[in-house]
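Inside the fold
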Amino acid sequence: MEKEEKIISGITLDEMRSVIDGLDMVVFMTDLVSRKMLFMSAGCEKIYGVPAQAFYDNPDLWLTFFPSDEKEAIANVMQEWSKGKSATATHRIVRADGGVRWVEARTMPIVDAHGTVIRITGFLTDITKRKIEEADSVKMRQAIQTSFDAVLETDVQGIITYVNDAFVTLYGYQPEEVIGKVTPRILNSGTKTKEQFKEFWDTLLRKQNMQWEIVNKTKEGKLVVIDANANSILDSSGNIAGFIEFQKNITDQKSAENALISSKKELSLAVELAKIAPWRYDSQKNVFVFGDEFYALYGTSVEKEGATMTPEAYTKKFVHPDDASIMNTEIGKAMQSPEREQIIQLESRIIRLDGEVRDVSVLLKITKDDNGEIIDWYGVNQDITEQKTREFELTIFRESMKQTLDIVYIMDTHEIITEVNDAFLEAYGYQRDEVVGKMNGRTLSGMSESDFDPLAKEFYAKGKLHTQVVGKLKDGKSILLDTAITLVVDGRGAPIAILVAQRDVSERERQITRIKELNDLRMKFIQIVSHQLRTPLGSIRWNLEVLMDGSMGVLTDAQKQFLRVTYNADVEVLDRINDLLVVIDIEENRVAFMKENISIESLLNSVVGELKPRCMAKELTCNFHIPEVPLDPVSVDPQKMRQVFVKLIENAITYTLEKGSIEGALTKIGDRIRFELTDTGIGIPVAEQKNIFLSFVRGTNAFLAKPDSTGVGLTIAKYFVEQHGGTIGFTSEEGKGSTFWFEIPIVNK
């Protein structure tokens, strides 16, 4: 509680305290209007057993110390106060620890201009010792005998001469077992040293009060923690006649204190982990009071910034400029509000000392008196940056759920659906209130348990699953769903939700089936047509060869040229038919390979020699580079690998304009042979490059160069290379040319 710092007769309370705390009495002042303790000197702890702060925190605390039989006398004193009269009273108080003190109280009321008592000031003197001395031994014994504290007396030799009932209860010894027979050493647990006991007795022999905390041992051997207060007993001449000790069992209190210390450590750790920064506002000085816990949130410390800071300085240094006016407006409203107590929560951004921007939640409590003056203002700031980030991500996610055409729903860890998007409702046919918080996700499955359970086990084992499932709609119909399921976990890895995304692939699967059927029909048609065409075309080719070699008579040059054109066309058609049949064999996995170890250079030279005339006919510069040092042999099917070379080089010749160039090279790279072929042809459009190895696919610009090609050459080349354990690829730029390459492994030696 904030202590008022008002001036009394030109002296501040702090100055008064420094003087008064040295007096052997208690000085106090309380305000009856605000019900606040304005001043309580430190000596109160000796009398009441509690620090002065306790009276600031609870101004009515002093009333709790009066035993019931003293309350009438106190009421009489308060009656005198109401008349504006001073009062002196002698009374007992009972401390929270059960100890009894006699107090002489001299009090004086302070009145305002209207004669109304507004404050009480006074002096308290501990006269316990005097009252004890005044009381006769019987009464003294009765008081001690009924005390909650254990009391024992000894003679000057230390032999026990008296114990009260509380002593018997605490230690288990009967009076006849100890009185006149033993010293207090019977209680020694061994936790104090000889030097400490010597200091104890020396203090008493100096006629000084001895207070200490000691661990004693009961008759049964149980250890108890004792708060002991010992004094010398003096005779009328002032000589030591014996010793008396009051012992309070604080075992439970110490356990509670240790638990409190542990709790404070845990609380401190929790504050640190939760990134909570406590603070308070001193309205008298117009400053915030900050500690290291607060500054830690801002990346600084009390040492660097100081323990206090004005609101203006705090706003300028730490509050984000865009949020400062909003914060000031909201706090200003709270300060002007007539409500006596307000709890306000705000959110704003802060700028740490290192420049990092963080989000914080500000929770503050403002308390005012009857006059609207602020008497208490404190709060906590908490870093909520991660929370705000998660909220933003969740907002984005939920918005994405709304916008996506895919079915999306979320389940809790018990598989109860907690969120669905519009696509879910449209696909399954349910209303939102029929599903959310009510339906188990398994209800949506149109699969049998024997089919569904293995999928569920796989999902929980891996934390994710991508498969196709059958979904059951509200109307009982079924759909095929491409389904991705993800187990969502928190920062500790504990499951918190299940995210399901689905796409209706029923129509797609029907289309795929239909396409497969059509493709099978197409292949069957091509196969039938190709076989039926190949036989007559072969016969035509044979007949043309007979005519051209002169077996049927001498031909003129014009006749020979006509037959040569017809023959070349026949050969080209047969090659295309053969390519189509190869593609069918590839589709049906019927291609056989007869591999042998060969020189790849010889194979390439053979193909180049065969195709060189075509280069010359288009005036192309065709160069093929073969290493002077023979390359390692490769294990290939010579006929298939020959087709790869032919397909690539023929394409380069076909799609390179006249007077262009073609460069080919064989090289060894590691354990592989690489063939690379670069041309200055028409190139392949970027958008079409990803499909160029597919059957019957050609670049759109290729139709201009050669309208009647089948578009299966690269498909065959790729298949043959890969079946030899190789790889094939290309780079191309439309209008500038292409580079095709393939690599195959050499023979292991």
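Keep in mind it's a predicted model, so treat the numbers as computed, not measured.

The next point concerns the packing of helix H22 (residues 638–654) against helix H24 (residues 713–723). Two elements in contact, H22 and H24, have axes whose closest approach is 9 Å; the angle formed by their N-to-C orientations is 145°. The crossing of H22 and H24 is left-handed. Residues Lys640, Gln643, Val644, Lys647, Leu648 and Asn651 of H22 form the contact with H24, whose own contacting residues are Gly713, Leu714, Ile716, Ala717, Phe720 and Val721. Counted by class, the contact of H22 with H24 contains seven nonpolar, three polar and two charged residues.

In this model, helix H9 (residues 194–205) (12 residues) spans 16 Å end to end at C-alpha, consistent with the 16 Å of a helix rising 1.5 Å per residue. Residues Phe200, Thr203 and Leu204 constitute the buried set of H9. Relative to the axis of H9, the buried residues are bounded by an arc of 100° and lie together on one face. Away from the buried face of H9 by more than 90 degrees, exposed residues Lys194, Glu195, Lys198 and Leu205 are located. On its buried face, H9 is in contact with strand S10 (210–217), strand S11 (223–234) and strand S12 (240–249). Positive backbone phi, at 65°, marks Lys207, one or two positions downstream of H9.

Right, let's talk about the pairing of strand S30 (residues 737–745) for a bit. Of all nine residues in S30, seven are buried; the element is thus mostly enclosed. Both strand S28 (residues 672–679) and S30 contribute to a ladder of seven bridges, which runs antiparallel. Each bridged residue has a counterpart across the sheet, and for Phe675 the counterpart in S30 is Phe742. Judged from the seven bridges that link them, strand S29 (residues 727–733) and S30 form a sheet pairing that is antiparallel. Residue pairing in the sheet places Glu733 in a bridge with Gly737 of S30. Linking S29 back to S30 in an antiparallel pair, the connection comprises three residues, with Gly735 at a positive phi of about 85°.

The N-to-C vectors of helix H21 (residues 600–617) and H22 enclose an angle of 35°; their axes lie 10 Å apart at closest approach. The element H21 and its partner H22 pack so that their crossing is right-handed. Contact residues: H21 offers Ile600, Leu603, Leu604, Ser606, Val607, Val608, Glu610, Leu611, Arg614 and Cys615, while H22 offers Pro638, Met641, Arg642, Phe645, Val646, Ile649, Glu650, Ile653 and Thr654. Of the residues that constitute the contact of H21 with H22, the class distribution is 13 nonpolar, two polar and four charged.

Bringing unusual backbone geometry into the picture now. The phi dihedral of Arg35 falls on the positive side, at around 55°, and the residue is not glycine. Looking at where Arg35 falls in the secondary structure, it is placed in the loop between strand S3 (26–31) and strand S4 (36–40). Classification of Arg35 as exposed rests on a relative accessible area of 51%. Phi at Glu619 takes a positive value of approximately 55°, unusual for a residue other than glycine.

What follows deals with empty space enclosed by the protein. In this structure the tally under the stated criterion is one cavity of 30 Å³ or more. Looking at the largest cavity, its volume works out to about 290 Å³. Along the wall of the largest cavity there are 24 residues; nearest its centre are Tyr409, Met411, Gly441, Phe452 and Ile485. Those elements that provide at least two residues to the lining of the largest cavity are strand S19 (407–411), helix H18 (449–462), strand S21 (464–472), strand S22 (478–489) and strand S23 (495–504). For the lining of the largest cavity, the element with the most residues is H18, which contributes five residues. Here the residues of the lining of the largest cavity sort into 17 nonpolar, five polar and two charged.

Turning next to the pattern of salt bridges. Within this structure, the stated rule accounts for 39 salt bridges. Asp97 is paired through a salt bridge with Arg95; the nearest N and O atoms lie 2.8 Å apart. Grouping residues by exposure puts Asp97 and Arg95 together as buried. For Arg590, the salt bridge identified is with Asp585, shortest N-O distance 2.6 Å. Relative accessible area serves as the criterion here: at 24%, Asp585 is assigned to the partly exposed category. Among the charged side chains, a salt-bridge network with shared partners connects Arg352, Asp354, Glu356, Arg358, Asp383 and Glu386.

Spatially, five strands are ordered S4-S3-S7-S6-S5 in an open sheet, and the strand pairing comes out antiparallel. Every other strand in the sheet has two partners, leaving S4 and strand S5 (87–94) as the edge strands with one partner each. Pairs of neighbouring strands in the sheet enclose a mean axial angle of 25°, with direction left out of account. The sheet contact formed by S3 and S4 spans four bridges and is antiparallel.

Time to look at the sheet that holds S30. The five strands lie next to each other as S25-S27-S28-S30-S29, forming an open sheet whose pairing is mixed. Across the chains shown, the open sheet's two edge strands, defined by having one partner strand only, are strand S25 (621–625) and S29. The mean inter-strand angle of the sheet, taken between neighbouring strand axes irrespective of direction, is 10°.

Further remarks concern the packing of aromatic side chains. If you walk through the whole model with that rule in mind, you get 37 aromatic pairs. Consider the rings of Phe288 and Phe290, whose centres lie 5.6 Å apart with planes at 15°: the pair is stacked. As far as the burial class goes, Phe288 and Phe290 line up, both buried. Aromatic pair Phe424 and Tyr428: ring centres 4.7 Å apart, planes at 35°, arrangement tilted. Of this pair, Phe424 and Tyr428 both sit in helix H16 (residues 422–428), separated by four residues, roughly a single helical turn. Accessibility assignment for this pair places Phe424 and Tyr428 in one class, buried. Grouping aromatic residues by their ring pairs yields a cluster made of Trp279, Tyr281, Phe288, Phe290, Phe294, Tyr295, Tyr298, Tyr314, Phe318 and Trp377.

For the protein, the mean per-residue pLDDT works out to 84, and 88% of the residues sit at or above 70. Counting contacts from residues 1–9, a segment whose pLDDT is below 50, to residues more than four positions away or on other chains yields 24 contacts.

On to the environment of Thr418. Looking at the secondary structure, you find Thr418 in strand S20 (residues 417–420). Residues Thr418 and Ala497 lie 79 residues apart in sequence; the distance between their C-alpha atoms is 9.1 Å.

Reading guide: rules and limits
Residues numbered from 1 in each chain as written. Predicted model: local features only at pLDDT ≥ 70, side-chain atom pairs only at ≥ 80, totals over all residues. Heavy atoms only, no water. Axes fitted to C-alpha atoms, helices over the stretch in contact; angles between N-to-C directions. Helix = DSSP H or I, 4+ residues; strand = E, 2+ residues; numbered from the N terminus. Left-handed = near helix turned anticlockwise from the far one by under 90°. Contact = heavy atoms within 4.5 Å. Nonpolar A, V, L, I, M, F, W, Y, C, P; charged D, E, K, R; others polar. Expected span 1.5 Å × (residues − 1). Buried < 20%, exposed > 50% of the residue type's maximum accessible area, 1.4 Å probe, protein only. Arc of directions from axis to C-beta. Pairing = 2+ DSSP bridges. 1 Å grid on protein atoms, 1.4 Å probe; cavity = no way out; pocket = protein on both sides within 12 Å on 5 of 7 lines; lining within 4 Å. Points joined across faces, edges and corners; volume = space filled by probe spheres on them. Salt bridge = Lys/Arg side-chain N within 4 Å of Asp/Glu carboxyl O. Phe/Tyr/Trp six-rings, centres within 6.5 Å; stacked < 30°, edge-to-face > 60°. pLDDT = per-residue confidence, 0-100.

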